[in-house]
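What follows is the residue order along each chain.
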Amino acid sequence: MTASTEYAVTDPATGEIIRTYPTATDADIEAALAAASTAYRSWTPSTTVAERSALLREVSRLHEERREELAAIIVREMGKKLDDALGEVDFSAAIYGFYAERAEALLADEPVPLLDGEGSALIRRSPFGVLLGIMPWNFPSYQVARFAGPNLAVGNTILLKHAPQCPESAAALEQLFRDAGFPEGAYVNVYATNEQVATMIRDPRVAGVSLTGSERAGSAVAELAGRHLKKVVLELGGSDPFLLLGTDDLDAAVEAAASARLDNAGQSCNAAKRFIVVDDLYEPFLEKFTATVLASDVAPLSSVAAAERLEEQVDRAVLQGATLVTAGTRVAASYPPGVLTGVTSANDAYHEELFGPVAVVFRVASEDEAVTLANDTPFGLGSYVFAADPEQAARVADRIEAGMVFVNGVLLDSPELPFGGIKSSGFGRELGHFGLEEFVNKKLIRTVH
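Note that the coordinates shown come from a computational prediction; the quantities given were computed from them, not determined experimentally.

1. Considering the overall build of the protein
At step 1: Looking only at helices and strands, one finds 14 helices and 20 strands in the protein.
At step 2: In terms of overall dimensions, the protein is globule-like: its C-alpha atoms have a radius of gyration of 23 Å, near the 22 Å expected for 449 residues.
At step 3: Its C-alpha atoms give the protein principal-axis dimensions of roughly 70 × 60 × 40 Å.
At step 4: Residues counted as buried form 56% of the 449 residues belonging to the protein.
At step 5: In the structure as shown, the protein presents an accessible area of about 18,100 Å², 53% of it carried by carbon and sulfur atoms.
At step 6: In the protein, the 37 positive side-chain charges and the 63 negative ones have mean positions that sit 6 Å from each other.

Below you can see the structure in the form of structure tokens.
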């Protein structure tokens, strides 16, 4: 845990600082901890799941009502296209709506059949406590929704530390929760430094931590949380493979591949990043895919620094023997789409995550080689399998080492589907009923009648 941070809205294209926000003082952090703890001890026990679900229903409605305002903020903060930002806000509304409708059933008591003895047993799902959420910049609304939605339904209270470049989203969302009727302390935004984050993790009033971010940040948070016996959920990076093993419609496969790589200008943890194509499809796929990628209109990256990092990675890949076909050169935060080929295991790019509109394409001779290459990565978040043979698709999906496999489709995330990974992509799940279960005390109640 290092270095303090300035919270500011910065134009991604120019680097111009539009507005700064004051970083929290230590007194602010203590007040936030006290408010969240007080709400957990007073508001949570006095409300039912149904009552909390009603508040989430209002959160969903307010996302719909304020979609243009929230989307405009996202555009200002990280450069996302307006239509994509509107889609993100709509997806966030759907997530809150999902938990508003389903939480009561999902959190109902679960009887446990007894093997022996008299009486009964059940599992009662009850709240965990105050949770600290550490959120990234690439989806300023959606990332918060998938953490806050299920946990507020459970009755956990939230301390939310957003990315330093998303302070306006952070403030707008906190206000939205208040306007929806959540009491003081149920959802608290904190413009915290990394040192203050460490202080909150150490504090006994905090019961758990959820982080979406880099491998380095996840490792630091997990180490500190483990030292203080705190439950952690980590959603980290990914270098998701896209396996093209067969297709009856190459143009559709190319379109899906390009969409999976270029969504959010390629700044998505579970974007397809490594394209693994069998011999007989490689040449026609590469030609069509390269043309599609290079012709795509992508937004600037989130910052000049992000574009510079990607540029350094790609330049190093080329120096180490890869071939780059690109739409142009970087201008400030605008990084041109590109395709890398000839990347071998001796190249740094083989092992890294490229967080932007650059795809790496590999040629393989067989299904086994494709699976071996797909799994030869430190990451294990998502993956994509395209195959004309349903039996082959199912067989390969079973062999992929990842938290998620999407077969013959991309951009299929939905509130009911669990999201998360394995290996260096983290652990734990968000969304669906699995996301609801992460910070829940599954209390056994065994009764003799």
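2. Thoughts on helix 3 (residues 67-78)
At step 1: Helix length check: helix 3 (twelve residues) gives 16 Å between terminal C-alpha atoms against 16 Å at 1.5 Å per residue, within 8%.
At step 2: Among the residues making up helix 3, those that are buried are Leu70, Ala71, Ile73, Ile74, Glu77 and Met78. With its buried residues spanning 155 degrees around the axis, helix 3 presents them on a single face.
At step 3: Against strand 1 (7-10), helix 2 (49-65), helix 4 (82-106) and helix 6 (167-180) lie the buried residues of helix 3.
At step 4: Following helix 3 by one or two positions, glycine 79 has its phi on the positive side, about 80 degrees.

3. Description of the sheet that holds strand 3 (residues 110-111)
At step 1: With antiparallel pairing, the three strands of this open sheet are ordered in space as 3-4-20. With one partner strand each, in any of the chains shown, strand 3 and strand 20 (440-447) form the two edges of the open sheet.
At step 2: One ladder, built from two bridges, connects strand 3 with strand 4 (residues 120-127); its direction is antiparallel. Looking across to strand 4, one finds that proline 111 is bridged to leucine 122.

4. A closer look at unusual backbone geometry
At step 1: Phi at asparagine 408 is positive, roughly 55 degrees, even though this residue is not glycine.
At step 2: Among the structural elements, asparagine 408 can be located in the loop between strand 17 (406-407) and strand 18 (422-423).

5. Observations concerning the pattern of salt bridges
At step 1: The final tally for this structure, using the stated rule, is 32 salt bridges.
At step 2: Put simply, arginine 125 and glutamate 437 hold a salt bridge, and the shortest N to O gap is 2.8 Å. With arginine 125 in strand 4 and glutamate 437 in helix 14 (residues 432-437), this residue pair connects regions lying 312 residues apart in the sequence.
At step 3: The class for arginine 125 is buried, based on a relative accessible area of 17%.
At step 4: Salt bridges sharing partners connect three or more residues here, namely Glu110, Arg125, Glu437 and Lys442.

6. Quick notes on the nonpolar core
Most often, soluble globular proteins have nonpolar side chains that are buried together.
At step 1: Phe182, Phe285 and Phe289 are the most contacted members of the largest nonpolar core, which has 112 residues in total.
At step 2: Per element, the largest residue contribution to this core is ten residues, and it comes from helix 4.
At step 3: Beyond its immediate chain neighbours, meaning those up to four positions away, phenylalanine 182 contacts Trp43, Arg52, Leu55, Leu56, Val59, Leu152 and Phe177.
At step 4: Residues Ala32, Val197, Val206 and Leu224 belong to the second largest nonpolar core, which totals 25 residues.

7. Some remarks on the packing of aromatic side chains
At step 1: Per the counting criterion, the structure on display carries 18 aromatic pairs.
At step 2: When the centroid spacing of 5.0 Å and the interplanar angle of 50 degrees are considered together, the rings of tyrosine 7 and tyrosine 191 count as tilted. Residue tyrosine 7 is located in strand 1, and its partner tyrosine 191 is located in the loop between strand 7 (187-189) and helix 7 (194-202); the two are separated by 184 residues in the primary sequence. Each member of the pair, tyrosine 7 together with tyrosine 191, is buried.
At step 3: On the basis of an interplanar angle of 55 degrees and a centroid distance of 5.7 Å, the ring pair of tyrosine 21 and tyrosine 191 is categorised as tilted. In this pair, tyrosine 21 is assigned in strand 2 (residues 17-21) and tyrosine 191 in the loop between strand 7 and helix 7, connecting sequence segments 170 residues apart.
At step 4: The buried category is assigned to tyrosine 21, whose relative accessible area is 11%.
At step 5: Its relative accessible area of 13% is what places tyrosine 191 among the buried residues.
At step 6: Cluster of aromatic residues (ring-pair linked, three or more members): Phe242, Phe275, Phe285, Phe289, Tyr384, Phe386 and Phe406.
At step 7: Geometry around phenylalanine 419 places arginine 146 over its ring, the cationic atom sitting 4.3 Å from the centre.

8. Thoughts on the packing of helix 7 against helix 8 (residues 215-227)
At step 1: Orientation of helix 7 relative to helix 8, taken along the N-to-C sense of each, is 30 degrees, at an axis distance of 9 Å. Relative to helix 8, the element helix 7 is oriented roughly parallel. Helix 7 and helix 8 meet at a crossing whose hand is right-handed. Taking contact as the criterion, the partners of Ala198, Ile201 and Arg202 in helix 7 are, on helix 8, Val221, Leu224 and Ala225.
At step 2: Residues belonging to the contact of helix 7 with helix 8 are distributed by class as follows: five nonpolar, no polar and one charged.

9. Some words on the packing of helix 2 against helix 4
At step 1: Running from N to C, helix 2 and helix 4 cross one another at 165 degrees; their axes reach a closest spacing of 8 Å. By the angle class used here, helix 2 and helix 4 are roughly antiparallel. Read as a crossing pair, helix 2 and helix 4 show a hand that is left-handed. Contacts between helix 2 and helix 4 pair Val49, Ala50, Ser53, Leu56, Arg57, Val59, Ser60, His63 and Glu64 from the former with Val89, Ser92, Ala93, Tyr96, Gly97, Tyr99, Ala100, Glu101, Ala103 and Glu104 from the latter.
At step 2: Taken together, the residues that form the contact of helix 2 with helix 4 break down as ten nonpolar, five polar and four charged.

The rules we used
Residues numbered from 1 in each chain as written. Predicted model: local features only at pLDDT ≥ 70, side-chain atom pairs only at ≥ 80, totals over all residues. Heavy atoms only, no water. Helix = DSSP H or I, 4+ residues; strand = E, 2+ residues; numbered from the N terminus. Rg over C-alpha atoms; globule rule 2.2 N^0.38 Å. Buried < 20%, exposed > 50% of the residue type's maximum accessible area, 1.4 Å probe, protein only. Areas by Shrake-Rupley, 256 points an atom, 1.4 Å probe, with all protein chains shown as cover. Lys, Arg positive; Asp, Glu negative; His and termini not counted. Charge placed at Lys NZ, Arg CZ, Asp CG, Glu CD. Expected span 1.5 Å × (residues − 1). Arc of directions from axis to C-beta. Contact = heavy atoms within 4.5 Å. Pairing = 2+ DSSP bridges. Salt bridge = Lys/Arg side-chain N within 4 Å of Asp/Glu carboxyl O. Core = buried A, V, L, I, M, F, W, Y, C linked by side-chain atoms within 4.5 Å. Phe/Tyr/Trp six-rings, centres within 6.5 Å; stacked < 30°, edge-to-face > 60°. Lys NZ or Arg CZ within 6 Å of the ring centre and 35° of its normal. Axes fitted to C-alpha atoms, helices over the stretch in contact; angles between N-to-C directions. Parallel < 35°, antiparallel > 145°, perpendicular 65-115°, else oblique. Left-handed = near helix turned anticlockwise from the far one by under 90°. Nonpolar A, V, L, I, M, F, W, Y, C, P; charged D, E, K, R; others polar.

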